[in-house]
Amino acid sequence: MNSFLPIQIIFLIFLIFALSRVFLRVREGNLTFGAFLFWFSLWLLAIISILKPEFTSYLAKIIGIGRGTDVVIYASIIVLFYLIFRTNVMLENVRHEISKLSTVISIKKIRKPKKTSNK
Amino acid sequence: MKKKLMIVLPAFNEEKTIGEVLRKLKENLKKFKSWQSKIVVVDDGSFDKTSYIAQKFGALVLRHPINRGLGGALLTGFQFARLKKVDFLITMDSDGQHDPLDIEKIMKVLRKEKIDVVIGKRNIFEMPPDRMIINFLSSLLTFLLFGVWCNDTQSGFRGFNKKAIEKIEIKTQRMEVSSEFFSEIKKHKLKFLEVPIKVIYTSYSRKKGQSNLNSIKVLLKLLLRLAR
């Protein structure tokens, strides 16, 4: 049986924790099905890469990058940037929703001119 | 039946100027006797007495519970105009930099030339130099992003006819709304025209206006909006 390095064990514990969060969030209804598939695949791939490091080397060979570790780093950076972008877009959408809510509240509580208005 | 005209003034902490702006506006609207006109102040969550003063000076006040920015305030103005089925909508600043006399000019174009959107164009040579550069860059970016050239995209003095009121859908929250109007103009194939207007620059209006640093943020947000 293969013995794991301490770093592999630490990463593995974290990834299992992350994967469990994905299941919990989707059960609570806080994650869409598409987002569930994305995060599930991402963490699963990460777990495979930790358990079988040769998997990343195999991927590196196919893509044409020297080392397996580099593939993981490059892919992580791209994914991180994209996620930041998506978060920004989502934040804008949330802001818009809040504005729409403010609009509805302000129209419901319309304040009429005071009778002492200047003429 | 009288045609309906609505003047919308987005305001955030404008207690110093809103009273005088409304007084002048009401005086000027007396010319439009054959019109059913309404002045609406959208108080964007002010901490001061903006709402109270606006009500005292005869305006209807729509008060946001929290500050949503210029885009949010105009969203409320448009929504209210649609609800009230107004025929024409004018938006103007509440810091006193716009002259209510120019409403007549804008209305003339909207009514007689069958234009959907009128933008009050400030004289760029009267602008402070930094504002002139920012304005040019905003026009350039608006053109590159939305394919519409306008000399003064950042002007807050605008006029809209019924068609434009119904079609324009505001999604941005802050100052970037000024450029968003042009994406809507392009999207809905609205006819637009610029009309020269008079602007009163005071140290107060400059302080209240868009800061140069904020302009950069606006540019970034517009790019983000396009990329999604």
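Here the structure is a predicted model, which is why all the values come from computation and not from measurement.

Conventions we followed
- Residues numbered from 1 in each chain as written.
- Chains lettered and ligands numbered in written order.
- Predicted model: local features only at pLDDT ≥ 70, side-chain atom pairs only at ≥ 80, totals over all residues.
- Helix = DSSP H or I, 4+ residues; strand = E, 2+ residues; numbered from the N terminus.
- Buried ≥ 20, exposed ≤ 12 C-beta atoms within 10 Å, placed from the backbone.
- Contact = placed C-beta atoms within 7 Å.
- Nonpolar A, V, L, I, M, F, W, Y, C, P; charged D, E, K, R; others polar.
- Axes fitted to C-alpha atoms, helices over the stretch in contact; angles between N-to-C directions.
- Parallel < 35°, antiparallel > 145°, perpendicular 65-115°, else oblique.
- Left-handed = near helix turned anticlockwise from the far one by under 90°.
- Core = buried A, V, L, I, M, F, W, Y, C linked by C-beta atoms within 7 Å.
- Pairing = 2+ DSSP bridges.

**Q** Please provide a residue-by-residue account of the overall build of chain B, values included.
**A** Looking only at helices and strands, one finds 9 helices and 7 strands in chain B. Put simply, chain B has 228 residues, and 50% of those count as buried. Pairs at least 24 residues apart make up 75% of the contacts formed inside chain B by residues separated by at least 6 positions.

**Q** Outline the interface of chain B and chain A, supporting the account with residue identities and numerical values.
**A** The interface of chain B with chain A comprises 25 residues on the first partner and 20 residues on the second. Contributing elements (two or more residues each) for the side of chain B that touches chain A: α2 (50-56), β3 (60-63) and α3 (69-83) of chain B. Looking at the side of chain B that touches chain A element by element, the count peaks at 6 residues for α3(B). Across the side of chain B that touches chain A, the residue classes tally to 11 nonpolar, 8 polar and 6 charged.

**Q** Explain the packing of helix α1 (residues 6-28) of chain A against helix α2 (residues 33-51) of chain A to me, using residue names and the numbers behind them.
**A** Residue and element names in this part refer to chain A. With their axes 10 Å apart at the nearest point, α1 and α2 run at an angle of 165 degrees to one another. Relative to α2, α1 is oriented roughly antiparallel. Note on packing geometry: the crossing formed by α1 with α2 is left-handed. For the pair formed by α1 and α2, the contact residues are Q8, F11, L12, L15, A18, L19, V22 and V26 on the first element and F36, W39, F40, W43, A46, I47 and I50 on the second. Split into classes, the residues belonging to the contact of α1 with α2 amount to 14 nonpolar, 1 polar and no charged.

**Q** A description of the nonpolar core should follow, citing residues and the corresponding values.
**A** All names here are of chain B. In this structure, I7, V40, V41 and L89 are the most contacted members of the largest nonpolar core, which totals 57 residues. No other element matches the 7 residues that α3 contributes to this core. Other than its neighbours up to four places away in sequence, V41 contacts L9, A11, I18, A54, A59, V61 and S94.

**Q** Hey, could you go over the sheet that holds strand β7 (residues 192-196) of chain B for me, with residue numbers and the actual values?
**A** Residues and elements named next belong to chain B. As summarised here, the arrangement of the 7 strands in space is β3-β2-β1-β4-β6-β5-β7, forming an open sheet in which the pairing is mixed. Each edge of the open sheet carries a strand with a single partner, namely β3 and β7. Averaged over all adjacent pairs, the angle separating strand axes in this sheet is 20 degrees, with direction ignored. As judged from the 4 bridges shared by strand β2 (residues 35-43) and β3, these two strands associate in the parallel manner. When the sheet's bridge partners are listed, V42 is paired in β3 with L62. Against the sheet, helix α1 (residues 18-29) touches β1 (3-11) and β2, its axis set at about 170 degrees to β2. Strands β1, β2, β3 and β4 (88-91) of the sheet are contacted by α3, whose axis makes an angle of about 160 degrees with β1.

**Q** Requested: an account of the environment of S94(B), with residues and values cited.
**A** All names here are of chain B. Structurally, the position occupied by S94 is in the loop between β4 and α4 (102-112). In the structure, S94 is positioned 40 residues away from A54 in sequence and 10 Å away in space, judged by C-alpha atoms. Those residues in contact with S94 that sit more than four places away from it in its chain are L9, P10, A11, E14, T17, I18, V21 and V41.

**Q** Account for unusual backbone geometry, naming residues and giving values.
**A** Residue and element names in this part refer to chain B. A positive phi angle, near 50 degrees, is found at N13, a position not held by glycine. With respect to the secondary-structure elements, N13 resides in the loop between β1 and α1. Classification of N13 as partly exposed rests on a count of 16 C-beta atoms within 10 Å. Of note in the backbone geometry, K114 takes a positive phi value of approximately 50 degrees without being a glycine. Counting through the fold element by element, K114 comes out in the loop between α4 and β5 (117-121). Judged by local crowding, K114 falls into the exposed class, with 10 C-beta atoms found within 10 Å.

**Q** Before we move on, can you summarise the environment of L91(A) with the specific residues and values?
**A** Residue and element names in this part refer to chain A. Position of L91 among the secondary structure elements: in helix α4 (residues 68-108). The class of L91 is exposed, set by 11 C-beta atoms lying within 10 Å. In this structure, the C-alpha to C-alpha distance between L91 and F17, residues 74 residues apart in sequence, is 26 Å.

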